[in-house]
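# Residue-level structural notes
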Amino acid sequence: MATADARRRLREQPIGATILLTIVGYTLVLGTFLLDVPIYPDLSLEQVNLLTDLIAVNNAIATLLLVAGWYWIRAGEIAKHRLAMIAAFGLILVFLVLYLLKVGGGGTKHFEGPQLVTYAYLLMLAVHILLSIVSVPVVLFALILGLTHTPAELRRTAHARIGRIAAGAWILSLVLGVVTNLMLNHIYGYEFGIVLAPLL
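These numbers were taken from a predicted model, which means no experiment stands behind them. (Residues numbered from 1 in each chain as written. Predicted model: local features only at pLDDT ≥ 70, side-chain atom pairs only at ≥ 80, totals over all residues. Heavy atoms only, no water.)

### Overview of the packing of aromatic side chains
Under the defined criterion, the tally for this structure stands at 3 aromatic pairs. With centroids separated by 4.2 Å and ring planes inclined at 10°, the aromatic side chains of phenylalanine 111 and tyrosine 121 adopt a geometry described as stacked. Separated by 10 residues along the polypeptide, phenylalanine 111 in strand S1 (residues 107-112) and tyrosine 121 in helix H5 (residues 115-148) bring together distant segments of the chain. In this pair, the class of phenylalanine 111 matches that of tyrosine 121, namely buried. (Phe/Tyr/Trp six-rings, centres within 6.5 Å; stacked < 30°, edge-to-face > 60°. Helix = DSSP H or I, 4+ residues; strand = E, 2+ residues; numbered from the N terminus. Buried < 20%, exposed > 50% of the residue type's maximum accessible area, 1.4 Å probe, protein only.)

### As for the layout of surface pockets
Put simply, the second largest pocket is a space of about 700 Å³. Mapped by element, the contributors of at least two residues to the lining of the second largest pocket are helix H3 (45-74), helix H4 (78-105), H5, helix H6 (151-154) and helix H7 (159-187). A per-element tally of the lining of the second largest pocket places H7 first, with 7 residues. Considering only residue class, the lining of the second largest pocket consists of 16 nonpolar, 6 polar and 4 charged. (1 Å grid on protein atoms, 1.4 Å probe; cavity = no way out; pocket = protein on both sides within 12 Å on 5 of 7 lines; lining within 4 Å. Points joined across faces, edges and corners; volume = space filled by probe spheres on them. Nonpolar A, V, L, I, M, F, W, Y, C, P; charged D, E, K, R; others polar.)

### Comments concerning the side chain of threonine 118
For threonine 118, the position within the fold is in helix H5. Taking relative accessible area as the criterion, threonine 118 reaches 18% and is therefore assigned buried. Those residues in contact with threonine 118 that lie beyond four places of it in its chain are Phe111 and Gly113. (Contact = heavy atoms within 4.5 Å.)

### Some remarks on the UniProt feature "transmembrane region" (unreviewed entry) in the protein
Using the residue numbers shown here, the UniProt feature "transmembrane region" (unreviewed entry) corresponds to residues 15-35, 55-73, 82-101, 121-145 and 165-184. Taken end to end, residues 55-73 comprises 100% helix and 0% strand; its first and last C-alpha atoms sit 27 Å apart. Across residues 165-184 one finds 100% helix and 0% strand; the C-alpha atoms that close the span lie 28 Å apart. (UniProt positions renumbered as here; feature names shortened; annotations may be inferred.)

### Looking at the nonpolar core
A general tendency of soluble globular proteins is for nonpolar side chains to be buried together. Judged by nonpolar contacts, the single largest core of 14 residues is most densely connected at Ala62, Leu66, Phe89, Ile92, Val139, Trp170 and Leu174. For this core, the secondary-structure elements that each account for two or more residues are H3, H4, H5 and H7. Ranked by residues supplied to this core, first place goes to H4 with 5 residues. Once residues within four sequence positions are removed from consideration, tryptophan 170 is found in contact with Leu66, Ala88, Phe89, Ile92, Ser135 and Val139. (Core = buried A, V, L, I, M, F, W, Y, C linked by side-chain atoms within 4.5 Å.)

Below you can see the structure in the form of structure tokens.
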């Protein structure tokens, strides 16, 4: 009964639910960056590297699921599309846990490469971060609509239009995240430093 009530409320107020969930997500991330919350264990460089690689693998799989979901909806395979998008969102929640653990318990890595490559890296990283921030409410709104409406009902909502924007921004953000991870951790180099006063 409680699940049915929650679903009904989400269905009736998808924008309100999107705003609430977006605020919760932003608060978790900003709180980890700006506050010294003693809930995260201190991590060694090896543990930070492991989490970084797990995040990259997680995000690569999420990207593949998003691309598959996009393909399946264009092919009219709604059930496969739905499963792919829900699985991709689940992996983004896994990403959030791994990312908060890494940032809250680790340090920072400063990219070290040739100057021109550094500029390219910083540009890709900036676009990745911007798209990550902007994607949150759009992805949540598309997901809430998709989970609370039947396929026939979705045709009368903004789900398809918002979903294209959400998936496109999300895929680009994930791809840039994986590329910058490879550049930082495997192609060029970094300097490891402990975060003294975290900044966004």
